[in-house]
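Analysis of the macromolecular model
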Amino acid sequence: MKILHLDTNHPLLINQLNALGFENDEDYTSSKDAIEAKIHIYDGVIIRSRFSIDKQFLDAAKKLKFIGRVGAGLENIDGDYAQQKNVHLIAAPEGNRNAVGEHALGMLLSLFNKLNKADREVRTGQWLREANRGIELDGKTVGLIGYGNMGKAFAKKLRGFEVEVFCYDIKPKVGDDNARQVSLKEFQEKVDVVSLHTPQTSLTLEMINADFINAFSKPFWFINTARGKSVVTKDLVAALKSGKIHGAGLDVLEYEKSSFEDLFTSEIPEAFQYLIKAENVLLTPHIAGWTIESKEKLAQTIVDKIKTFSNYISK
């Protein structure tokens, strides 16, 4: 089969596909229109998030059998239409779930212990011990919204702490030894920390809004390593100002471009202006799953799944 690679990835991806007998072409710079003009000759596409794969693209891809997305989410691909066209979708959440779990834990511990704030102060000659007194994770209840690959990875990281872990998911019976699945009502009554691990879908867009936040019985800490558009930022800021949310660790923002490669093209929103100045907010540029190790594991996962798919359709 002939595969077109639209984003750079770990070299093992192309090397191993070559060894398996696939023909691999690379095009990391052409416009989407230019790609659409030649996509009809390819059986497979490998992409990260360079552009969306929509109906027009899929209609042009006459021979396409699969799309490999070197990452976890598939929101930039019209999955329903791909299914109608018998195009198989391959994602790799197994490849970066550990990285996401570690990043979420790092954000939480940094917020609890004011590490970033204290670091900035010491660098300017301030030695403020009492002002940087932290709190301990021990004894807290951590709630995970979404309990798939990423949620499970974070729950596994929490096993070394004396915490109770809840998970809330629309799918039944996903809880395990690391997290007890509970109703939304119990979740909102008891948790001290909320960590988001959901994909971007019609159900999760703007899910974390004022009504959702205010339904919690007590103030909580918020971590988002999932998708930025699941959070209404102005509502999050309002909750930070009121104390309903103690602090937030945000690896993703609703203002990101769909490619996840950049933020703003125009004026900086007022809500974001607050976030960048807030001492109880920790911001990172969509790098929770972005480690040296995950780059290799993501590529390997895609290779393994393409190999399995190829063997299946050749039978």
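As the structure is a computational prediction, the values presented were derived from the model and not from experiment.

About the thresholds
- Residues numbered from 1 in each chain as written.
- Predicted model: local features only at pLDDT ≥ 70, side-chain atom pairs only at ≥ 80, totals over all residues.
- Heavy atoms only, no water.
- Buried < 20%, exposed > 50% of the residue type's maximum accessible area, 1.4 Å probe, protein only.
- Helix = DSSP H or I, 4+ residues; strand = E, 2+ residues; numbered from the N terminus.
- Pairing = 2+ DSSP bridges.
- Right-handed = clockwise from strand over helix to strand, strands pointing away.
- Polar contact = N/O pair within 3.5 Å; in protein donor to acceptor, adjacent residues only side chain to side chain.
- Contact = heavy atoms within 4.5 Å.
- Axes fitted to C-alpha atoms, helices over the stretch in contact; angles between N-to-C directions.
- Phe/Tyr/Trp six-rings, centres within 6.5 Å; stacked < 30°, edge-to-face > 60°.
- Lys NZ or Arg CZ within 6 Å of the ring centre and 35° of its normal.

**As for the pairing of strand β3 (residues 44–47)**
In β3, alternate side chains face the same way, and those of Gly44 and Ile46 on one face and Val45 and Ile47 on the other are all buried. The pairing of strand β1 (residues 2–5) with β3 spans 3 bridges and is classified as parallel. Opposite His5, over in β3, you have Ile46 as the bridge partner. Pairing between β3 and strand β4 (residues 66–69): 4 bridges, direction parallel. In the sheet register, Val45 faces β4, and the bridge partner there is Ile67. Crossover β3 to β4 through helix α3 (residues 55–60) is right-handed.

**Points about the side chain of Asp192**
Checked against the element boundaries, Asp192 lands in the loop between α8 (184–190) and β9 (193–196). Within the structure, the side chain of Asp192 is placed 3.0 Å from the side chain of Lys218, a separation counted as a polar contact. With residues near it in sequence (within four places) discarded, Asp192 still touches Lys140, Thr141, Lys218, Pro219, Phe220 and Trp221.

**Quick look at the sheet that holds strand β5 (residues 88–90)**
Across the sheet, 5 strands lie side by side as β2-β1-β3-β4-β5; this open sheet has parallel pairing. Of all strands in the sheet, those bounded by a partner on one side alone are β2 (23–26) and β5. The mean inter-strand angle of the sheet, taken between neighbouring strand axes irrespective of direction, is 20°. One ladder, built from 4 bridges, connects β1 with β2; its direction is parallel. In the sheet register, Ile3 faces β2, and the bridge partner there is Asn24.

**Notes on the packing of aromatic side chains**
Taken as a whole and assessed by the stated rule, the structure comprises 8 aromatic pairs. Each ring, one from Tyr255 and one from Phe272, has its centre 5.9 Å from the other, and the planes form 70°; the classification is edge-to-face. Here Phe272 lies in helix α11 (residues 270–277) and Tyr255 lies in the loop between β11 (245–250) and α11, a separation of 17 residues in the sequence. By way of ring pairs, the aromatic residues Tyr168, Phe187, Phe212, Phe216 and Phe220 are connected into one cluster. Over the ring of Tyr81 we find Lys55, and its NZ or CZ is 5.4 Å from the ring centre.

Just geometry here; none of it tells us what the structure is for.
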